[in-house]
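Each chain is listed here by its residues.
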Amino acid sequence: MNLKKQGIAFYLNVLAVILSAVGLGLTIHSSTMTTDNVLLGFTTIVAAGVIGIVLECVAVYLPNRMGNHDPISAISVLASIALLCYVFGQCILQRITMIAGLFSFNSGNTAGWQVFYVTVAAVACLLVAIVLLIVGSFLKSVKE
């Protein structure tokens, strides 16, 4: 893999892989911090995140072998976006009640605030990774 032949989409996809891995790691950490704030369907969320990251790696690798317009890479980017959106949505949806409690009647819950901060960081990483994948899908991965 010659780095001089790589287009901007390659670097955006690599950055998306890194941010997705960090976001998934923070999601796992936020679910394991306390027993009160465990994510429901944790194994499904983690499996979706891992599969999404693997598909992102496919989208980074395949254009170097098959060119910019290969359908497998495009499908892997779309599937990765869908899986990361699922992780993003589950992370937010399952924390809404906790967040509402923290900002109203339960503001002294220090463990809840820690989970909230880690969740915000996870959601931010996942959201930026999704946006990078979307932007990268419109650009060329390999200079021709």
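Anyway, here's the lowdown on the structure attached to this text. (Residues numbered from 1 in each chain as written. Predicted model: local features only at pLDDT ≥ 70, side-chain atom pairs only at ≥ 80, totals over all residues. Heavy atoms only, no water.)

### Some words on the overall build of the protein
Turning to step 1, where the next piece is worked out: Helix and strand counts for the protein come out as 5 helices and 0 strands.
Turning to step 2, where the next piece is worked out: Mapped in sequence order, the helices and strands of the protein form the string α-α-α-α-α.
Turning to step 3, where the next piece is worked out: If one aligns the C-alpha atoms of the protein with their principal axes, the spans along those axes are about 60 × 25 × 20 Å.
Turning to step 4, where the next piece is worked out: Classification of the 144 residues of the protein by burial places 42% in the buried group.
Turning to step 5, where the next piece is worked out: If you take every contact in the protein between residues at least 6 apart in sequence, the share linking residues at least 24 apart comes to 77%.
Turning to step 6, where the next piece is worked out: Per element, the accessible surface of the protein, about 7700 Å² overall, is 73% carbon and sulfur.
Turning to step 7, where the next piece is worked out: Across the protein, the centroid of the 6 positively charged side chains sits 14 Å from that of the 4 negatively charged ones. (Helix = DSSP H or I, 4+ residues; strand = E, 2+ residues; numbered from the N terminus. Buried < 20%, exposed > 50% of the residue type's maximum accessible area, 1.4 Å probe, protein only. Contact = heavy atoms within 4.5 Å. Areas by Shrake-Rupley, 256 points an atom, 1.4 Å probe, with all protein chains shown as cover. Lys, Arg positive; Asp, Glu negative; His and termini not counted. Charge placed at Lys NZ, Arg CZ, Asp CG, Glu CD.)

### A few points about the packing of aromatic side chains
Turning to step 1, where the next piece is worked out: Summed over the entire model, instances satisfying the criterion amount to 6 aromatic pairs.
Turning to step 2, where the next piece is worked out: With a centroid separation of 5.2 Å and 80° between ring planes, the pair formed by Phe 103 and Trp 113 is classed as edge-to-face. Residue Phe 103 is located in the loop between helix 4 (96-102) and helix 5 (110-136), and its partner Trp 113 is located in helix 5; the two are separated by 10 residues in the primary sequence.
Turning to step 3, where the next piece is worked out: Grouping aromatic residues by their ring pairs yields a cluster made of Phe 103, Trp 113, Phe 116 and Tyr 117. (Phe/Tyr/Trp six-rings, centres within 6.5 Å; stacked < 30°, edge-to-face > 60°.)

### Quick notes on the environment of Val 17
Turning to step 1, where the next piece is worked out: Along the polypeptide, Val 17 turns up in helix 1 (residues 8-32).
Turning to step 2, where the next piece is worked out: Expressed as a C-alpha distance, the spacing of Val 17 and Leu 132, which sit 115 residues apart in the sequence, is 9.6 Å.
Turning to step 3, where the next piece is worked out: Not counting chain neighbours up to four residues away, the residues in contact with Val 17 comprise Ile 53, Glu 56, Cys 57 and Val 60.

### Quick look at a nonpolar patch on the surface
Turning to step 1, where the next piece is worked out: Taken together, the side chains of Ile 8, Leu 127, Val 131, Ile 134, Val 135, Phe 138 and Leu 139 make up a nonpolar region of the molecular surface, amounting to roughly 640 Å² of accessible area.
Turning to step 2, where the next piece is worked out: For the nonpolar patch, the element with the most residues is helix 5, which contributes 4 residues.
Turning to step 3, where the next piece is worked out: The exposure class of Phe 138 is exposed, given its relative accessible area of 71%. (Patch = residues over 30% accessible without salt bridge, like charges linked within 9 Å, V, L, I, M, F, W, Y side chains within 5 Å. Salt bridge = Lys/Arg side-chain N within 4 Å of Asp/Glu carboxyl O.)

### Considerations on the packing of helix 2 (residues 42-66) against helix 3 (residues 71-93)
Turning to step 1, where the next piece is worked out: At a minimum axis distance of 8 Å, the contact between helix 2 and helix 3 shows a crossing angle of 155°. The orientation of helix 2 relative to helix 3 falls into the category roughly antiparallel. Between helix 2 and helix 3 the crossing geometry is left-handed.
Turning to step 2, where the next piece is worked out: Looking at side-chain class alone, the contact of helix 2 with helix 3 contains 16 nonpolar, 7 polar and 1 charged residues. (Axes fitted to C-alpha atoms, helices over the stretch in contact; angles between N-to-C directions. Parallel < 35°, antiparallel > 145°, perpendicular 65-115°, else oblique. Left-handed = near helix turned anticlockwise from the far one by under 90°. Nonpolar A, V, L, I, M, F, W, Y, C, P; charged D, E, K, R; others polar.)

Fair warning: the whole summary comes from geometry, so function is off the table for now.
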